[in-house]
Amino acid sequence: MNKLDKVPEPIMRPLRAAKGAYRLIRRYAENRWRVARRYLSGGPAKVQESALSSMHERKPGWAQFYWDSMNRPDRLYLADRMLANTPHDSILEVGCNSGPNLALLGQRLPKARLVGTDINSEAIREGRDFLAHAGISNVELNVGTADRLEFPDKSFDIVFTSSVLVCVAPRKIKAAILEICRVARSSVFLMERWDLNR
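Owing to the predicted nature of the structure, the values given are computational and were not obtained by experimental measurement. (Residues numbered from 1 in each chain as written. Predicted model: local features only at pLDDT ≥ 70, side-chain atom pairs only at ≥ 80, totals over all residues. Heavy atoms only, no water.)

Help me out: how do you make sense of the packing of helix α5 (residues 73-83) against helix α6 (residues 100-108) in this one?
The axes of two packed helices give the description: the angle between them and the distance between them. Contact pair α5 / α6: the axes reach a minimum separation of 10 Å and the direction vectors enclose 50 degrees. Relative to α6, the element α5 is oriented oblique. In the crossing of α5 with α6, the sense of the turn from one axis to the other is right-handed. Where α5 approaches α6, its residues Arg75, Leu76, Ala79, Asp80, Met82 and Leu83 are matched on the opposing element by Pro100, Asn101, Leu104, Leu105 and Arg108. Each residue belonging to the contact of α5 with α6 can be placed in one class, and the counts come to seven nonpolar, one polar and three charged. (Axes fitted to C-alpha atoms, helices over the stretch in contact; angles between N-to-C directions. Helix = DSSP H or I, 4+ residues; strand = E, 2+ residues; numbered from the N terminus. Parallel < 35°, antiparallel > 145°, perpendicular 65-115°, else oblique. Left-handed = near helix turned anticlockwise from the far one by under 90°. Contact = heavy atoms within 4.5 Å. Nonpolar A, V, L, I, M, F, W, Y, C, P; charged D, E, K, R; others polar.)

Even after reading the chapter, I still don't get the packing of aromatic side chains, so can you show me in this structure?
The description of two aromatic rings rests on the distance between their centres and on the angle between their planes. This model, assessed by the stated rule, comprises three aromatic pairs. Between phenylalanine 65 and tyrosine 66, the ring centres sit 5.9 Å apart and the planes meet at 75 degrees, which makes this aromatic pair edge-to-face. Ring centres 5.1 Å apart and planes at 85 degrees place the aromatic pair phenylalanine 151 and phenylalanine 156 in the edge-to-face group. Using a relative accessible area of 15% as the deciding quantity, one classes phenylalanine 151 as buried. (Phe/Tyr/Trp six-rings, centres within 6.5 Å; stacked < 30°, edge-to-face > 60°. Buried < 20%, exposed > 50% of the residue type's maximum accessible area, 1.4 Å probe, protein only.)

Just to check I follow, could you spell out unusual backbone geometry for this structure?
Both trends apply: most residues other than glycine have a negative phi, and most peptide bonds are in trans. The phi dihedral of lysine 154 is positive, around 55 degrees, even though this residue is not glycine. Along the polypeptide, lysine 154 turns up in the loop between β3 (139-143) and β4 (156-162). Even without a glycine there, the phi angle at serine 163 is positive, about 55 degrees. Along the polypeptide, serine 163 turns up in the loop between β4 and α8 (173-183).

Whenever I open this one, the pattern of salt bridges confuses me. Can you help?
Oppositely charged side chains are able to pair whenever their charged atoms sit close together. Enumeration over the complete set of coordinates arrives at six salt bridges. For arginine 72, the salt bridge identified is with aspartate 74, shortest N-O distance 2.6 Å. Owing to a relative accessible area of 25%, arginine 72 belongs among the partly exposed residues under this scheme. A salt bridge links arginine 182 to glutamate 179, with the nearest nitrogen and oxygen atoms 2.7 Å apart. One end of the pair is arginine 182 and the other is glutamate 179, both in helix α8 and three residues apart, which spans about a single turn. (Salt bridge = Lys/Arg side-chain N within 4 Å of Asp/Glu carboxyl O.)

What exactly am I supposed to notice about α6 here?
An α-helical turn contains 3.6 residues, so any two residues separated by three or four positions project in the same direction. For α6, the tally of buried residues reaches seven of nine residues, placing the bulk of the element in the interior. Listed as buried for α6 are Pro100, Asn101, Leu102, Ala103, Leu104, Leu105 and Gly106.

Looking at this structure, I do not really get the pairing of β3. What am I missing?
Bridge count between strand β2 (residues 113-118) and β3: five bridges; the pairing is parallel. Residue pairing for β3: glycine 116 is matched across the bridge by leucine 141. With helix α7 (residues 121-134) bridging β2 and its parallel neighbour β3, the resulting β-α-β unit is right-handed. (Pairing = 2+ DSSP bridges. Right-handed = clockwise from strand over helix to strand, strands pointing away.)

Teacher, can you tell me more about the sheet that holds β3 here?
Within a sheet, each strand pairs with its neighbour through backbone hydrogen bonds, oriented either parallel or antiparallel. Taken in spatial order, the five strands make up an open sheet running β3-β2-β1-β4-β5, and their pairing is parallel. The two strands at the open ends of the sheet, each matched to only one other strand, are β3 and β5 (184-191). Averaged over all pairs of adjacent strands, the angle between strand axes in this sheet comes to 20 degrees, irrespective of strand direction. One ladder, built from three bridges, connects strand β1 (residues 90-94) with β4; its direction is parallel.

Quick question: what am I supposed to make of the nonpolar core here?
For soluble globular proteins, nonpolar side chains are generally found buried alongside one another. Counting residues in hydrophobic clusters, the biggest one holds 27 residues, and the most contacted among them are Leu102, Leu105 and Phe160. Those residues in contact with phenylalanine 160 that lie beyond four places of it in its chain are Leu78, Met82, Ile91, Leu92, Glu93, Val94, Asn101, Leu102, Leu105 and Phe189. Listed in part, the 18 residues of the second largest apolar core include Leu92, Phe151, Ile173 and Ala176. (Core = buried A, V, L, I, M, F, W, Y, C linked by side-chain atoms within 4.5 Å.)

Structural data, given as structure tokens:
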């Protein structure tokens, strides 16, 4: 039996409709990784992956930059779209960085269970500090990878990403999407930005 056969039809329908978008995301990710491999040539694949995933986060103040972007138009748009769907008592963000999307949702949904996972342990640590300082107590941040989510099936009403799949290694994109679908109970939102000329 194909793994996709286990994914509920209400989730598969929009994924089938988004097949063209998936191809564009994969194409952009492949281009991005090609550039990174030239930049990091000589190292093992896992070292290259690790270095690429944190390249933009070597600049001083990067975590604060993410946090300060909480009210950026794309984040507000995504929050509005998700909140228009019910139920939204439990939400998971895959690739949350320091948690600005979840902080925004936490302010609007003080009784919801909000969880974020990110591969970058420093981002998670910084995010926990930011959340505590902001007095947002219903957001939990954990270290994890998109292609191996450590949650039971159908754990969350909504699972979403925001500009994350384009940062996943092309060979892991399908596994990441399958994992996102596996832990979603009701809705999946995949919001990606890309520039095919890069």
